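Take a look at the letters that make up each chain.
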Amino acid sequence: MDALSVRELSKVYKGGVKALDGVSFSVGEGDFYALLGPNGAGKSTTIGIIAGLVRKTSGTVSVFGRDLDSSTMAAKSLIGLVPQDFDFSQFDRVFDVVVNQAGLYGMRRALARQRAEQILRRVELWEKRNAETRELSGGMKRRLLIARALAHNPKLLILDEPTAGVDINVRRATWDLLRLINRSGTAIILTTHYLEEAETLCRSVGIINHGRIVTSTTIDDLMSLAEKEDIILYSDSAIPTEAAERLGGTLVGARTMELSVAHSRGLNSVFAELDSMGVRIIGMKNRLNRLESLFMHLTGGEAKSSAPAEDDPVFGGDAAEGDRE
Ligand code: ADP
């Protein structure tokens, strides 16, 4: 049985924005699934509907076979949600945050306290159990959000952009914790716009763009599509047309050529061939980053997507490249 099954989900917000347009995908039991896409693609809306925070326009969601409409409580009790932002009171104590959450799901106090201890130890916050949340570092607060989501022992953990805007150490620590949680049998679905995050952590991935799932597959299958690199080469003098033709490139300026290079061919052979024709390359950059290249393959040419932010780590630049493990 799937941990999550989403069928033909649509959402039109007041004012007419069509955020989702027939989204369907499944997350297997114990799977680690990334919902990957640029800003405005519909990730948060999808997560919001699954978590019962956003009202869908049409479609169905079921969690371990429980329909979210007809078996709402049963479905919800199987889900733990980690929101994007900290939303606990800054004066609440760490231990109480987890115990109270378990209480909300009907767990008896004694059991909730036991459960809270177990989880806080697991996320390495037990030492901080009596601290007020405002005393925690950013990384600790993030771990507390995860601990709280696990309070009622959900079988599916949902995280909305768990590492957006966090520094590299917190990101790594969060990744380690999520791996641990997944290894213990909890299915995880997270939203991200870092290809690297999906690649490093997850087994399966759904790419979403303009409110539609472009593909839902395994990470391995997805990465096998990324077999070409689109580059721009700069020479110190005019590049002869024959050189561009021989390599299958396109001259976009007298000294500038665009080229698609298959990994099997390798960049060295390109440089050697140009060198043999007397063309000296003084600079190179990637025309598209890897996710954009994947988009090109998957959508047949539409590389840019819904309103990428200037500093978007995947769609607007390659800042995330340095974070790769
Ligand atoms: P993502 O999480 O992938 O960035 P969202 O689900 O937040 O995407 O947004 C999808 C689309 O829906 C965007 O065009 C966004 O502007 C719009 N949208 C999101 N929330 C609302 C809302 N509360 N009211 C109106 N439009 C919204």
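To start, this report covers the structure provided alongside it.

Conventions we followed
- Residues numbered from 1 in each chain as written.
- Predicted model: local features only at pLDDT ≥ 70, side-chain atom pairs only at ≥ 80, totals over all residues.
- Heavy atoms only, no water.
- Near = heavy atom within 4 Å.
- Polar contact = N/O pair within 3.5 Å; in protein donor to acceptor, adjacent residues only side chain to side chain.
- Areas by Shrake-Rupley, 256 points an atom, 1.4 Å probe, with all protein chains shown as cover.
- Helix = DSSP H or I, 4+ residues; strand = E, 2+ residues; numbered from the N terminus.
- Nonpolar A, V, L, I, M, F, W, Y, C, P; charged D, E, K, R; others polar.
- Phe/Tyr/Trp six-rings, centres within 6.5 Å; stacked < 30°, edge-to-face > 60°.
- Buried < 20%, exposed > 50% of the residue type's maximum accessible area, 1.4 Å probe, protein only.
- Lys NZ or Arg CZ within 6 Å of the ring centre and 35° of its normal.
- Pairing = 2+ DSSP bridges.
- Axes fitted to C-alpha atoms, helices over the stretch in contact; angles between N-to-C directions.
- Core = buried A, V, L, I, M, F, W, Y, C linked by side-chain atoms within 4.5 Å.
- Salt bridge = Lys/Arg side-chain N within 4 Å of Asp/Glu carboxyl O.

To continue, consider the site of the ligand. Taken together, the residues surrounding the ligand are Tyr13, Val17, Ala19, Pro38, Asn39, Gly40, Ala41, Gly42, Lys43, Ser44 and Thr45. Contacts to the ligand include Tyr13, whose side-chain N or O atom sits 3.5 Å from a nitrogen atom. One of the backbone nitrogen or oxygen atoms of Ser44 is found 2.7 Å away from an oxygen atom of the ligand. Across the complex, the protein chains shield 60% of the 560 Å² of accessible surface that the ligand would expose by itself. Of the residues forming the shell around the ligand, the biggest block, 3 residues, is contributed by helix α1 (residues 43-50). Its residues assigned to classes, the shell around the ligand shows 5 nonpolar, 5 polar and 1 charged.

Per the counting criterion, the structure on display carries 3 aromatic pairs. Taking 5.2 Å as the distance between ring centres and 15° as the angle between the ring planes, the aromatic pair formed by Phe25 and Tyr33 counts as stacked. Here Phe25 and Tyr33 have matching classes, each one buried. Plain terms: the ring middles of Phe95 and Trp126 are 6.0 Å apart, the flat faces sit at 70° to each other, and that makes the pair edge-to-face. With a gap of 31 residues between them, Phe95 in helix α3 (residues 94-104) and Trp126 in the loop between α4 (109-122) and α5 (138-149) connect regions that are remote in the sequence. Residue class for Trp126 comes out buried when judged on its relative accessible area of 13%. Sitting above the plane of the Tyr194 ring, Arg171 keeps its charged end 4.3 Å from the centroid.

The next subject is the sheet that holds strand β7 (residues 156-160). With respect to topology, 6 strands assemble into an open sheet ordered β6-β7-β8-β3-β9-β10, the strand pairing being mixed. Lying at the two open borders of the sheet, with one neighbouring strand each, are β6 (79-82) and β10 (212-218). On average, each strand axis in the sheet is tilted by 15° relative to the strand beside it, whichever way the strands run. Note: strand β3 (residues 32-36) against strand β9 (residues 204-209), 4 bridges, orientation parallel. By the bridge assignment for β9, Ala34 is matched with Val205.

Before going further, it helps to examine the pairing of strand β2 (residues 18-27). Relative to β2, strand β1 (residues 4-12) runs antiparallel, the two being bridged by 7 bridges. Within β2, the position partnered with Ser5 by the bridge is Ser26.

With that settled, the discussion passes to the pairing of strand β4 (residues 58-63). With 5 bridges connecting them, β1 and β4 associate as antiparallel partners. If you follow Ser5 over to β4, its bridge partner there is Ser62. Here 2 bridges tie β4 to strand β5 (residues 66-67), and the two strands are oriented antiparallel to one another. Of the residues in β5, the one forming a bridge with Val63 is Arg66. Between β4 and the antiparallel strand that follows it, β5, lie 2 residues; Phe64 among them carries a positive phi value of about 45°.

Core analysis: the largest hydrophobic core is formed by 47 residues, its most contacted members being Leu120, Leu144, Ile146, Leu157 and Leu178. The leading source of residues in this core is α3, at 6 residues. Of all hydrophobic cores here, the second largest spans 26 residues; its members include Leu4, Ile49, Ile50 and Phe64.

Attention now moves to the pattern of salt bridges. Within the structure shown, the criterion is met by 10 salt bridges. Across the pair Arg212 and Asp21 runs a salt bridge, and its minimum N-O distance is 2.7 Å. With Arg212 in strand β10 and Asp21 in strand β2, this pair connects stretches of sequence that are 191 residues apart. In this structure Asp21 comes out as partly exposed when scored by relative accessible area, which is 25%. Notably, a salt bridge pairs Arg121 with Glu117, separated by 2.8 Å at the nearest N-O pair. One end of the pair is Arg121 and the other is Glu117, both in helix α4 and 4 residues apart, which spans about a single turn. Classification of Glu117 by relative accessible area gives partly exposed; the value is 30%.

With that out of the way, let us pick up the sheet that holds β4. Taken together, the 4 strands give an open sheet; going across it, the order is β2-β1-β4-β5, and neighbouring strands pair in antiparallel fashion. If you trace the sheet from one side to the other, it starts and ends with β2 and β5, each paired once.

Shape is all these values report; function is a separate question.
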